[in-house]
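Structural description and commentary
Residues per chain, in single letters:
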Amino acid sequence: MNRAYIEPILEAIPAARQEDARHYGVHPYFTRRPANVVKKYIEQYSQEGDTVLDPFGGTGVTAIEAFLIGRTAIQNDLNPFANFIARNIADTTLDSTTPLRQAFERVEQACKDLLEEIEKDEAEAQRWLKKLPLPENIRLPRNSDAEFFYDMFTPRQLAGLGLIKQAIEREEGVIRDFLLLAWSASVAKLNKTFLSAKGRAESRGGSSIFSIYRYKLASKSVELPIWGTFHGRFLNVLAAKEEVLQLRAYRQRPAGGALKLDSKKNFRALSHDAATLDKIIKPGSVDYIFTDPPYGAFISYLDLSILWNHWLGFPITDKTREQETIVGGEQKHTEEHYKKSLARSIETCFRLLKPDRWISIVFQHWDTSYFSTILETAGECGGELRAAITQTGDVIWSMHKKKNSASVLAGEMILTFYKPAKVRKPLKTPESATSADPAKILSEVFDTCLDNGTTSFTSELLFNRLIIELWHRHALNCLNLNQAEFVRQLEQRGWSYNTRNHTWSKAGYPKRAFAEMMLFDHEED
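Each chain has its residues counted from 1, following the order in which its sequence is written. Where local features are concerned, this predicted model is filtered to residues with pLDDT of at least 70; where side-chain atom pairs are given and counted, the filter is 80 or more; whole-chain, interface and lining totals use all residues. Side-chain metrics rest on all non-hydrogen atoms present in the structure, leaving aside hydrogens and water.

**As for the overall build of the protein chain**
Think of it this way: any DSSP run of H or I at least four residues long counts as a helix, any run of E at least two long counts as a strand, and we number them from the N terminus. In terms of helices and strands, the protein chain carries 19 helices and 12 strands. Think of it in three bands: residues with accessible area under 20% of the maximum for their type are buried, residues over 50% are exposed, and the middle band is partly exposed, with areas taken using a 1.4 Å probe on protein chains only. For the protein chain, with 525 residues in total, the buried portion stands at 55%. Contacts are assigned to residue pairs with any non-hydrogen atoms lying within 4.5 Å of each other. Put simply, of all contacts in the protein chain between residues at least 6 apart along the chain, 76% involve residues at least 24 apart. Looking at the protein chain as shown, the accessible area adds up to about 23,100 Å², and 49% of this sits on carbon and sulfur atoms. Method for areas: the Shrake-Rupley scheme with a 1.4 Å probe, in which residue coverage is limited to the protein chains shown.

Structure below.
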């Protein structure tokens, strides 16, 4: 089958974040794409038995969903903590969850009563701290509120977590790893960065590490019940594991002839620099890539994962830190480093991708040069841009919008490219594009993008439309469109921002939910 004729996805897919136990509630992480959206892309652009890769895999939404619908999945992330989560969620080696329940009961017998004593008496906690096998008290990143590792916990939290982990380490194999996954999720609640949600139960909240992206200590520490917290996290892991095993059982039924789910054979987790994956994955062997690379300086993943990598025993070398595709962090990575690393990673993706296949890249940032890096690199590798879809409206998007307004880009754009069997030479940038007045180009592009009968739209939708229009005009590298200029261009044209539904509208038009604005309407040359 010639896959050039696959119909690209040209509309946003409503996000359903809380439907799947395997992703929702198991373990917090910095970013996580809605599984139903990712699954739809995998189904559209690949077939059962294909190999699907995510080179910036995070906690494995792409690889897990690909694996569960009969693809061979390759999960890659520099962060071993992320791979730990992904690998354990996808694992199908247990026949049932009975051994896991039995192991939990053994841990409970070993710990529960002792934990109650620790919580009643801090002196008891201090006594346990002297004899528990705790990790080294290392120094934390410079922008942390706490200077050292132990400063992130109260004595009771540190002793309680150490006691549970000691009991878990007596178990073996995947049972131990599943229990450690529940323990690891408990660490996110049992430390001084935990912030309770106002107006809700004290336990409802999360760590500032995953929301503010910094080791910010709460002004008032919240000490949740240690065993109760671990028990709750275990129930979430148990639900996820039961869900995955049910999907495995369904696919093993004789009717339909579907491929059996075997994580040992068809799920591979790597911790490698995305830019050099072609050293361990055969070039031209991948059928589809869906990936969500880091967005510049938004999140320093390795720095912010120290609590987990250090205590779980996953070493992070200086070489690994140097390879991270971010701006800033403890390594003080420059924008030049970020763009070079991003470009090299995209080049590698196209080398790994078979001809006549597809790749989708999720991205968002105010810096147009980042988009230029993605679009130009893909074009130079022979990629043909077939779709550019704005994904907004999910839970995280709404949360960020409440924090601010018109100048916040909280959604993403999904750029989907086709790699033809015969690669065409990229067109050279016309001299007129580099010599034209940037202010004039920007004004013309705004007029073009707004002159289509649209009466209401989100900032994300228009911004992404502008990016594609500028790219087609070969002007993406010539401009620096920041938040203030974006707002000014709209306001001087008579558009106003509605803070209630987070859309722009013009006087005389109803301020309702945005009408769909065509984002990608250029035919390929």
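**Examining the packing of aromatic side chains**
Aromatic rings in a pair are described by how distant their centres are and how their planes are angled relative to each other. Pairing of aromatic side chains requires ring centres within 6.5 Å, counting the rings of Phe and Tyr and the six-membered ring of Trp. Pairs whose planes differ by under 30 degrees are stacked, by over 60 edge-to-face, and all others tilted. A full pass over the atoms with the stated rule returns 32 aromatic pairs. When the ring of Tyr-29 is compared with that of Tyr-301, the centres are 6.5 Å apart and the planes differ by 25°; the resulting orientation is stacked. Taken as a pair, Tyr-29 in the segment before helix 1 (35-45) and Tyr-301 in helix 10 (residues 301-304) lie far apart in primary sequence, 272 residues in all. Pair check on accessibility: Tyr-29 and Tyr-301 agree, each one buried. Within the aromatic cluster, the residues linked to one another by ring pairs are Tyr-29, Phe-30, Phe-81, Phe-210, Tyr-301 and Trp-308. Note on criteria: charge over ring means Lys NZ or Arg CZ within 6 Å of the ring centre, with the direction from the centre no more than 35 degrees off the ring normal. Seen from the ring of Trp-128, Lys-131 lies directly overhead, with NZ or CZ sitting 4.3 Å from the centre. Across from the ring centre of Trp-183, 5.9 Å away, lies the NZ or CZ of Lys-165, which sits over that ring.

**A word on the sheet that holds strand 12 (residues 503-506)**
Strands qualify as paired when DSSP identifies two bridges or more between them. Spatially, the 3 strands line up as an open sheet ordered 10-12-11, and their pairing is antiparallel. Each edge of the open sheet carries a strand with a single partner, namely strand 10 (456-457) and strand 11 (495-498). Two strands pair when backbone bridges link them, and strand 10 and strand 12 are joined in this way by 2 bridges, in the antiparallel orientation. Note on strand 12: the bridge partner recorded for Phe-457 is Trp-504. Contacting strand 10, strand 11 and strand 12, helix 19 (residues 483-491) crosses the sheet at an angle of about 25° to strand 12. Simply put, an axis is a line fit to the C-alpha atoms, just over the touching stretch for a helix, and the angle between two N-to-C directions goes from 0 to 180 degrees.

**Thoughts on unusual backbone geometry**
The phi dihedral of Tyr-213 falls on the positive side, at around 60°, and the residue is not glycine. With respect to the helices, strands and loops of the structure, Tyr-213 is situated in the loop between strand 4 (205-207) and helix 8 (226-251). Despite not being glycine, Asp-356 has its phi angle at roughly 65°, a positive value. The residue Asp-356 is located in strand 7 (residues 353-363) in this model. Assessed through its relative accessible area of 12%, Asp-356 is described here as buried.

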